[in-house]
Amino acid sequence: MRTKITAAITAIGAYVPEDKLTNADLEKMVDTNDEWIVSRTGVKERRILKGEGKGTSDMVVPAVKLLCEKRGIQPNEIDCLIVATVTPDMLFPSTANLVCDKLGIKNAWSFDILAACSGFLYALTTGAALVESGRYKRVVVAGADKMSSIVDYSDRTTCIIFGDGAGAVLLEPNIDGYGVLDSILKSDGSGGKHLHMKAGGSVKPASIESVTNKEHFIYQEGQAVFKFAVTGMADVAYELMQRNNLEADDIAWLVPHQANKRIIDATASRMGLPEEKVMVNIQHYGNTTAATLPLCLWDYRKQLNKGDNIVLAAFGGGFTWGATLLKWAY
Ligand code: UT7
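Here is a short report on the structure shown in this document. Note that the coordinates shown come from a computational prediction; the quantities given were computed from them, not determined experimentally.

### Section: the nonpolar core
Okay, step 1: If you look at the biggest cluster of nonpolar residues, it comprises 86 residues, and the most contacted ones within it are Val139, Leu171, Leu297 and Leu312.
Okay, step 2: For this core, the domains that each give at least three residues are domain 1 (6-176) and domain 2 (181-327).
Okay, step 3: Other than its neighbours up to four places away in sequence, Val139 contacts Cys80, Ile82, Gly127, Leu130, Val131, Val169, Leu170 and Leu171.
Okay, step 4: In this structure, Val64, Val83, Leu103 and Ala166 belong to the second largest nonpolar core, which totals 24 residues.

This is how it looks when you write it as structure tokens:
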């Protein structure tokens, strides 16, 4: 009988830019205040990637380098590299292709996945399937976004939320039952009207008019998205628990997408988890879209133990949402 192969995370890497944009800085840019931002979102500061010619790939590259150092492998030993992002360096080629070039990765195939804030879960599930198939031994899954490139810093309803960052994990085959055990992923394109970018795609290519009308920035109807996110993320995480016969006591960590502290709290409460089991770093980075989940794993890496059951959950543009169950492998 063929042994079941699972995809275990065997290393993590992350990168956040040095430059910080604090709530005090934003108070000078738009009509807002620290008290409103902290109480409504939980964000205190975000990181911003500055510098001419710098894009999302410039954050993925150091994250993947770090991951390789941690695992003791050379980048060229990677078989496949997937980048989840809504802020690719350019529309094409994929940011993953560019990352491979910058790292001298010659033996891999690579592609991007676009699922907004759920991008890392979509990419993790895809990468895990490649490993489970037995065809690929080292698959890197990165989540990265330079949200500052699509944020309108005169719009107080969005500029307070988003930040830049990248995180990456290495997936390798495991035959002892560690790694990605289950995923429930969902999408509903009818939610697109509440959260999207109006121009720059094939429907409305860039024009002087689209630039003047600020249509290359994030358009978000905050309250509508909040309503769907708060139930969507909690419901799917709960569904995953039930499908795997897990009680709150069986779960070591919830790794929630860092969009809004109130959405995180609602998800934890639905799962019956105390706050000590919930990874939160939104105060430091804001919402880094596809990067929030690997950035959490990175920040909490020293508190993870072999065998921990970890539930990752996300909700974002699309709408896309989902939850993944992991058994930590080291
Ligand atoms: O990760 C991708 C998915 N995205 C999300 O999950 C985001 C979901 N949405 C949210 O997190 C929240 O809706 C926001 C943080 C975007 C907004 O919070 P809210 O509690 O929904 O605020 P609101 O839009 O209902 O606005 C309440 C009030 C309004 O004033 P009035 O009409 O009550 O006088 C806004 O104009 O707060 C005002 N407001 C602000 N005040 C100070 C909106 N933005 C700000 C601001 N500073 N930055």
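### A few points about the packing of aromatic side chains
Okay, step 1: Under the defined criterion, the tally for this structure stands at 7 aromatic pairs.
Okay, step 2: With a centroid separation of 5.0 Å and 50 degrees between ring planes, the pair formed by Phe315 and Phe319 is classed as tilted. An identical accessibility class is assigned to Phe315 and Phe319; each is buried.
Okay, step 3: Joined through ring pairs, the aromatic side chains of Phe228, Phe315, Phe319 and Trp321 make up one cluster.
Okay, step 4: Sitting above the plane of the Tyr219 ring, Lys198 keeps its charged end 3.9 Å from the centroid.
Okay, step 5: Here the basic side chain of Arg270 rests over the ring of Tyr238, its NZ or CZ set 4.4 Å away from the ring centre.

### What about the packing of helix H7 (residues 222-243) against helix H8 (residues 261-271)?
Okay, step 1: Put simply, H7 and H8 touch, their axes get as near as 9 Å, and they point 30 degrees apart. The orientation of H7 with respect to H8, classified from their angle, is roughly parallel. Crossing handedness for the pair H7 and H8: right-handed. Contacts between H7 and H8 involve Phe226, Ala229, Val230, Met233, Ala234, Asp235, Ala237, Tyr238 and Met241 from the first element and Arg262, Ile263, Ala266, Thr267, Arg270 and Met271 from the second.
Okay, step 2: Classifying every residue of the contact of H7 with H8 by side-chain character gives 11 nonpolar, 1 polar and 3 charged.

### Description of the site of the ligand
Okay, step 1: The immediate surroundings of the ligand are formed by 22 residues, with Thr32, Arg40, Gln223, Asn260 and Asn287 found nearest.
Okay, step 2: Within the backbone of Gly222, an N or O atom sits 3.1 Å from an oxygen atom of the ligand.
Okay, step 3: Residue Arg262 places a side-chain N or O atom 3.0 Å away from an oxygen atom belonging to the ligand.
Okay, step 4: Expressed as a share of its isolated accessible area of 950 Å², the protein-covered part of the ligand is 75%.
Okay, step 5: Elements represented by at least two residues in the shell around the ligand include exactly helix H2 (34-41), H7 and H8.

### What to know about the environment of Lys50
Okay, step 1: Along the chain, Lys50 falls in the loop between strand S3 (45-47) and helix H3 (57-71).
Okay, step 2: A sequence separation of 119 residues divides Lys50 from Val169, and the C-alpha atoms of the two residues are 25 Å apart.

### Quick word on the packing of H3 against helix H4 (residues 95-103)
Helix packing for two helices is described by the angle between their axes and how far apart those axes are.
Okay, step 1: Across the interface, H3 lies against H4 with an axial gap of 9 Å and an inter-helix angle of 55 degrees. The angle between H3 and H4 falls in the class oblique. As H3 runs across H4, the sense of the crossing is right-handed. In this structure, H3 uses Ser57, Asp58, Val60, Val61, Val64 and Lys65 to contact H4, whose residues at the interface are Thr95, Val99, Lys102 and Leu103.
Okay, step 2: Within the contact of H3 with H4, the residues separate by chemical class into 5 nonpolar, 2 polar and 3 charged.

### Remarks on the sheet that holds strand S5 (residues 109-113)
Okay, step 1: Taking strand neighbours across the sheet as the criterion, the 5 strands line up as S1-S7-S6-S4-S5 in an open arrangement whose pairing is mixed. Since the sheet does not close on itself, it has two edges, and those belong to strand S1 (6-15) and S5, each with one partner. Averaged over all pairs of adjacent strands, the angle between strand axes in this sheet comes to 20 degrees, irrespective of strand direction.
Okay, step 2: As paired elements, strand S4 (residues 80-84) and S5 share 5 bridges and run parallel to each other. Within the sheet, the bridge partner assigned to Cys80 lies in S5 and is Trp109.
Okay, step 3: Sitting on the sheet, H4 is in contact with S4 and S5, with an inclination near 140 degrees to S5.
Okay, step 4: Sitting on the sheet, helix H10 (residues 292-299) touches S1, strand S6 (139-146) and strand S7 (164-174), and the angle it makes with S1 is about 85 degrees.

### Let's talk about the pattern of salt bridges
Okay, step 1: One pass over the structure, following the stated rule, counts 12 salt bridges.
Okay, step 2: The closest approach of N and O atoms between Arg138 and Glu172, which form a salt bridge, is 3.4 Å. With Arg138 in the loop between helix H5 (119-132) and S6 and Glu172 in strand S7, this pair connects stretches of sequence that are 34 residues apart.
Okay, step 3: The exposure class of Glu172 is buried, given its relative accessible area of 9%.
Okay, step 4: Taken together, the shared-partner salt bridges connect Arg71, Glu77, Arg138 and Glu172 into one network.

Analysis parameters
- Residues numbered from 1 in each chain as written.
- Predicted model: local features only at pLDDT ≥ 70, side-chain atom pairs only at ≥ 80, totals over all residues.
- Heavy atoms only, no water.
- Core = buried A, V, L, I, M, F, W, Y, C linked by side-chain atoms within 4.5 Å.
- Buried < 20%, exposed > 50% of the residue type's maximum accessible area, 1.4 Å probe, protein only.
- Domains from an automatic or database assignment.
- Contact = heavy atoms within 4.5 Å.
- Phe/Tyr/Trp six-rings, centres within 6.5 Å; stacked < 30°, edge-to-face > 60°.
- Lys NZ or Arg CZ within 6 Å of the ring centre and 35° of its normal.
- Axes fitted to C-alpha atoms, helices over the stretch in contact; angles between N-to-C directions.
- Helix = DSSP H or I, 4+ residues; strand = E, 2+ residues; numbered from the N terminus.
- Parallel < 35°, antiparallel > 145°, perpendicular 65-115°, else oblique.
- Left-handed = near helix turned anticlockwise from the far one by under 90°.
- Nonpolar A, V, L, I, M, F, W, Y, C, P; charged D, E, K, R; others polar.
- Near = heavy atom within 4 Å.
- Polar contact = N/O pair within 3.5 Å; in protein donor to acceptor, adjacent residues only side chain to side chain.
- Areas by Shrake-Rupley, 256 points an atom, 1.4 Å probe, with all protein chains shown as cover.
- Pairing = 2+ DSSP bridges.
- Salt bridge = Lys/Arg side-chain N within 4 Å of Asp/Glu carboxyl O.

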